[in-house]
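# Inside the fold
The lines below spell out each chain.
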Amino acid sequence: TSTRDKFDKTTSLISRLAMLGIFLVSCLFPAAELSDFGHKYVMEVRQQQELLLLEIERSVTRSMKQEESNKLSLNSSLSSNITKELFTQPIIIQGGEASDSQSRARRKFVKEMMKHAWDGYAAHAWGKNEVRPVSKSGNSGTVFGASDTGATIVDSMDTLFIMGMDEEFARGKQWIAANLNLTQIKEDVNVFEINIRYVGGLLSL
């Protein structure tokens, strides 16, 4: 039962007791004697009732605030413990085999597709922003501009690292260190694409 429910039950009981007291007075004393005494008694009972209810209301308010404070403290403690558990667990970026064969087969297939795409780019458009898979040539004039700023290389760095393609990652990192120069871009580019691909890729180095 909540604190508010207890308060409602208590106030109801007090009201009933007060009405019972008034009823008893009216039964014990004749009407003539009740005029002054009974009026004073009724007023006194009502006054005491109001004071008692006021005190109960204050007590209930204090109890409710304490309960709310305890809940907040408990929630804060639980949240803190969960946060600690999340940040104390080792983060597996590379490796980590799945327990079931289906997941392992899917991972293997995705990695092979990445290897195929990367090898095609490296063979036919190395240093260009993108590769044209049909004509097997570099693609210019895209959202990255016409300059040779290796968008595919930079954008692929985090994926290469996570997939454990260390040789490809090392080659891309070497190209970035020796050739990447965004100041050579003179034409209009898509700022959003530049941010998510270049900044995201460079953060993995």
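Residue positions are given per chain, counting from 1 as you read along its sequence in written order. Local features are withheld for residues below a pLDDT of 70 in this predicted model, meaning they are given only at 70 or higher, and side-chain atom pairs are given and counted only at 80 or more; totals for whole chains, interfaces and linings count all residues. Side-chain measures were taken over the full set of non-hydrogen atoms in the model, leaving aside hydrogen atoms and water.

### A look at the packing of aromatic side chains
What counts is decided by this rule: Geometry of aromatic contacts follows a simple scheme: Phe, Tyr and Trp rings, the Trp one being its six-membered ring, pair when their centres are within 6.5 Å, and the pair is stacked under 30 degrees between planes, edge-to-face over 60, tilted otherwise. Relative accessibility thresholds used throughout: buried, under 20% of the residue-type maximum; exposed, over 50%; partly exposed, between the two (1.4 Å probe, protein chains only). A ring is considered to have a charge above it if a Lys NZ or an Arg CZ atom is located within 6 Å of its centre and within 35 degrees of its normal.
According to the stated counting rule, one finds five aromatic pairs in the structure shown. On the basis of an interplanar angle of 55 degrees and a centroid distance of 6.0 Å, the ring pair of Y121 and W126 is categorised as tilted. According to the relative accessible area criterion, W126 is partly exposed, its value standing at 25%. Measuring from ring centre to ring centre gives 5.5 Å for F161 and F169, while their planes differ by 55 degrees; the resulting arrangement is tilted. One aromatic cluster is present, built from ring pairs that chain together W118, Y121 and W126. The aromatic ring of W126 is capped on one face by R171, whose charged end is 4.0 Å from the ring centroid.

### Comments concerning the nonpolar core
Condition: By nonpolar core we mean a set of buried residues, namely Ala, Val, Leu, Ile, Met, Phe, Trp, Tyr and Cys, connected to one another through side-chain atoms within 4.5 Å. A run of DSSP states H or I qualifies as a helix once it reaches four residues; a run of E qualifies as a strand once it reaches two. Both are numbered from the N-terminal end. The contact criterion used throughout is that any non-hydrogen atoms of two residues lie within 4.5 Å.
Counting 17 residues, the largest nonpolar core has W118, F144, I153, M157, L160, I176 and Y198 as its most contacted members. Going through the elements one at a time, α3 (101–124), α4 (151–162), α5 (166–179) and α6 (191–202) are the ones with two or more residues in this core. With five residues, α4 is the largest single contributor of residues to this core. For I153, the contacting residues outside a window of four places in its chain are W118, Y121, W126, G127, G172, W175 and I176.

### Quick word on the pattern of salt bridges
Note the following rule: Within this document, salt bridges are pairs made up of a side-chain nitrogen of Lys or Arg and a carboxyl oxygen of Asp or Glu, the two lying within 4 Å of each other.
Here the structure, examined in full by the defined rule, presents six salt bridges. Note that R197 is salt-bridged to D155, the shortest N-O span being 2.8 Å. Linking R197 in helix α6 with D155 in helix α4, this pair joins segments that are 42 residues apart in sequence. Members of the salt-bridge network, linked through shared partners, are K115, D119 and E168.

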